[in-house]
Each structure stands twice: as structure tokens, then as C-alpha cells.
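Chain by chain, the residues:
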Amino acid sequence: MSGLSARRDLQEAAALERRRQRELQRQGRIFNARVRTIGVDKDALDAQVKDRKIQEATEKARNEELANEMKKNDKLMCMLEERQKRNIRDVNKAVSDFQKNFQQPETRREFDLSDPQALKKDRPARLSDNDPRCTVSGLQKFMGEDLNYAQRTKFQKEQLREWSLQQQRDYKNALADKKFLDDLHDKNRIELDQKIMEQQRIEEETRRAVCAAIKDFNKSQAAELAERKRLDKCQKMKDDMDEISSQLQGNLLSENPEQAISSFGTHRVITDRWKGMNQDQLMAIRSFQQQQVLEKLKLKEEERQRDAEWDRQSMQAARAQLILERHQARQNRECRQALDSINAQLSQEQKSKNIYLKEEEYSNCPTSQYFAQFNTTSR
């Protein structure tokens, strides 16, 4: 038992020494004008500033990444638009070259109908009897009398053959040009797709590297934050235990009434150390509270009587209003019955008047007068 008491005394002495040292350190922090902070947690503010800077840096990196991606997308769109314009320009140029080289106006069969130099190239209407320009309507040459028929038909066949071969060659050349243009377009498209894929691969690698860096940074920040929280928690637990020990061993919980006596006189007390009133003060307060309860009961009784009087007056007013409404309804019903009888009488008079007017109109009709005269004559 003596060993336990000695160990407890040593622990209490060590606790007192630790509290004394913390109090000295606290006083040094408070009374040091260069390092004290009144009402501000500088470490928390520094942590908030640091977190804010990290958040701004992360936001800035994300915005820069989005801006770079938008620039790359715009560049890619410009490249695609430029390729489309170049393809359209190449196709239009190929069509123009084909029309210029293989579809000239002179090669058309009906060109002689719209040739601006037709009058200069034309010959006289007739040069000789064997002029091939003499048609049937001119009665200069008849069927079977043309001496150049065989040569002309042969020439026409050769000309048709040449035209057919020329069209085949033009068609083959057009197919070859189209195939060349398609191959060139496919080649350019493949090269552009390869460039785009390479650019996307580089972007993906860059994005992965950025994500990995951000992930490592976040891990380090999380580990640092966890370690700081753990240290803060340990320090807070230690401070709480010290505070609990100090409160348990101090005058606040020991209920020492002498600590509330002020140095300005026995009639004054220190409010933060005051432990309560004496019996006389308590009895005075209780008697005052009883007086307040009686006054409150009296006020409630007066209020209840006022409410009852108000309810009675309200019931009388409602009963008078109901009687007045019944009287008004009875007068309205009597007025409505009188009005209905007057309307029925007027309706009957109107019907009688209409019958009289119809009979008078029938009597004034010429046909009715004729029948009346006829009846008189026959009689």
C-alpha cells in the first residue's frame, strides 16, 4: 500500500510539474508580442492558404489541359476542313481539265449549228452537179444517183468507228484519272489518320502522366493530412487529459466558496468563481417566484373571463344574424311568388292578344271576304 501511495504521489507531482511548464509556455506565447495571435489560428489559416493554392494549381492545370485539348480539336477540325476543300478543288480542277481537253465545242456533232465562224467557212450554195451539199429538196441529186455514196458511207463508218474508239479512250482515261485521284485521296487520308492517331497517342500518354503525377501528389497530400490529423488528435487528447486533471484538482470543481470572494469587499463576488447563493437569498427568490405564479394565475383567470364574455357576445351576434337572414329569405320568397303571379297574368294577356290579332288578320284577308260574299249569294 505504501508503494502504491508513493507511486501515486510521484505521478501527481509529475502532472503538476507538466501543468506548470505548459502554463509557463502559454504565458510566454501570450505575452510575447512578436509571436502571439489573438483570436486567430495561424496554423489553420496557413493550412487553408496552402490547400487553396493546391486547389488553384489543380484547377489551373485542368483548365490548361482543357484549353490544349480544345486547341488540338480546333487544329484537327481545320485540317479536316482544309482536306475537304482541297479534295473539292482537285475534283473541280479535274472536271475542268477533262472538259477542256476532251469536251471541246469543236468535237460535238451539232457544233456546225452554233459555229460562230459558219458563214466564213460556208461555201456557195452549189459548185457543181455533183455537189454533196445539194439536198433532196433542191432537186439536184436523187437517191441512187450519188457517185460518192460508197466513199461517203465508208467515211461515215470510219468516222463512227473513230468516234467510238475516241469515246472508249476518253472513258478509260477518265477511269484512270478517277482511280488515281481516289488512290491519292486514300493515301492522304491514311497519312492524316496516322498523324491523328499518333497525336492522340501522345495526348493519351501525356494525360496518363499528368494523372499519375496528380495521383501521387494527392496520395502524398492525403498521407501528410492523415499524419497531421493524427498528431493533432494525440496532442488534443493529451491537452484534454491535462485539462481534466487540472479541473479536477483545481478550485472550480472543489466547490470552495472562498474563491468567489472579491478583493473589493465581502459584499461583492467574482462571477466566474461564484458557487451559488445562501439560504436567505434562495428563500427571497422562491417567495418572489410564488408571487409571480399567483399573479400569472390571476391574469389567466381574467383572460378566461374575457374570452367567455367575447364568446357569449359572438353567439348573440350570430343568432341575430341568423334571424335577420331568415327574415330576408322569407321576404325574398314572397317577392318572388308575387313576381311569378304577375308574370303568369301578363303571359295570359299576351296569349289572348295574339289570338285576337290572328283572328282579325284572318277576317281582313281578301280570300276570306270572297268566301263570305259567295256564301251570302248562295243563300
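Refer to the structure presented above.
Here the structure is a predicted model, which means the values were calculated and not measured.

Trainee: Describe the overall build of the protein, listing the residues and the values that go with them.
Mentor: Helix and strand counts for the protein come out as 6 helices and 2 strands. Order of helices (α) and strands (β) in the protein, N terminus to C terminus: α-α-α-α-β-β-α-α. Within the protein, buried positions represent 6% of all 379 residues. Considering only intrachain contacts with a sequence separation of at least 6, the fraction spanning at least 24 residues in the protein is 37%. Accessible area for the protein stands at about 34,100 Å²; split by element, carbon and sulfur atoms hold 56% of it.

Trainee: Run through the pattern of salt bridges, naming residues and quoting values.
Mentor: Per the stated rule, a full pass over the model turns up 17 salt bridges. Here Glu-301 ties to Arg-304 by a salt bridge, and the two come within 2.3 Å at their closest N and O atoms. Taken together, the positions of Glu-301 and Arg-304, both in helix 5 (residues 279-363) and 3 residues apart, correspond to about one turn of that helix. Each of Glu-65, Glu-204, Arg-207 and Arg-208 takes part in a single network of salt bridges with overlapping partners.

Trainee: Describe a nonpolar patch on the surface, naming the residues involved and giving the relevant values.
Mentor: There is a patch of nonpolar side chains on the surface, built from Val-269, Trp-274, Met-277 and Ile-285 and spanning about 340 Å² of accessible area. In this structure, Ile-285 sits in helix 5.

Trainee: Requested: an account of the packing of aromatic side chains, with residues and values cited.
Mentor: All told, the structure shown has 1 aromatic pair when counted by the stated rule. Judged by centre distance (5.2 Å) and plane angle (40 degrees), the ring pair of Phe-98 and Phe-102 falls under tilted. Residue Phe-98 and its partner Phe-102 are both found in helix 2 (residues 42-102); the two are separated by 4 residues, about one turn of the helix.

Trainee: Tell me about the environment of Asp-177, residues and numbers included.
Mentor: By the element assignment, Asp-177 lies in helix 4 (residues 149-249). On the basis of relative accessible area, Asp-177 is assigned to the partly exposed category, the value being 42%. Along the primary structure Asp-177 and Phe-98 are separated by 79 residues, whereas in three dimensions their C-alpha atoms are 9.6 Å apart.

Trainee: Summarise the side chain of Asp-170; cite the residues concerned and give the values.
Mentor: Here Asp-170 is to be found in helix 4. For Asp-170, which is buried and forms no salt bridge, the nearest opposite charge comes from Arg-169, at a distance of 6.0 Å.

Reading the values: the criteria
- Residues numbered from 1 in each chain as written.
- Predicted model: local features only at pLDDT ≥ 70, side-chain atom pairs only at ≥ 80, totals over all residues.
- Heavy atoms only, no water.
- Helix = DSSP H or I, 4+ residues; strand = E, 2+ residues; numbered from the N terminus.
- Buried < 20%, exposed > 50% of the residue type's maximum accessible area, 1.4 Å probe, protein only.
- Contact = heavy atoms within 4.5 Å.
- Areas by Shrake-Rupley, 256 points an atom, 1.4 Å probe, with all protein chains shown as cover.
- Salt bridge = Lys/Arg side-chain N within 4 Å of Asp/Glu carboxyl O.
- Patch = residues over 30% accessible without salt bridge, like charges linked within 9 Å, V, L, I, M, F, W, Y side chains within 5 Å.
- Phe/Tyr/Trp six-rings, centres within 6.5 Å; stacked < 30°, edge-to-face > 60°.
- Lys, Arg positive; Asp, Glu negative; His and termini not counted.

Keep in mind that these numbers describe shape and distance, not what the molecule does.
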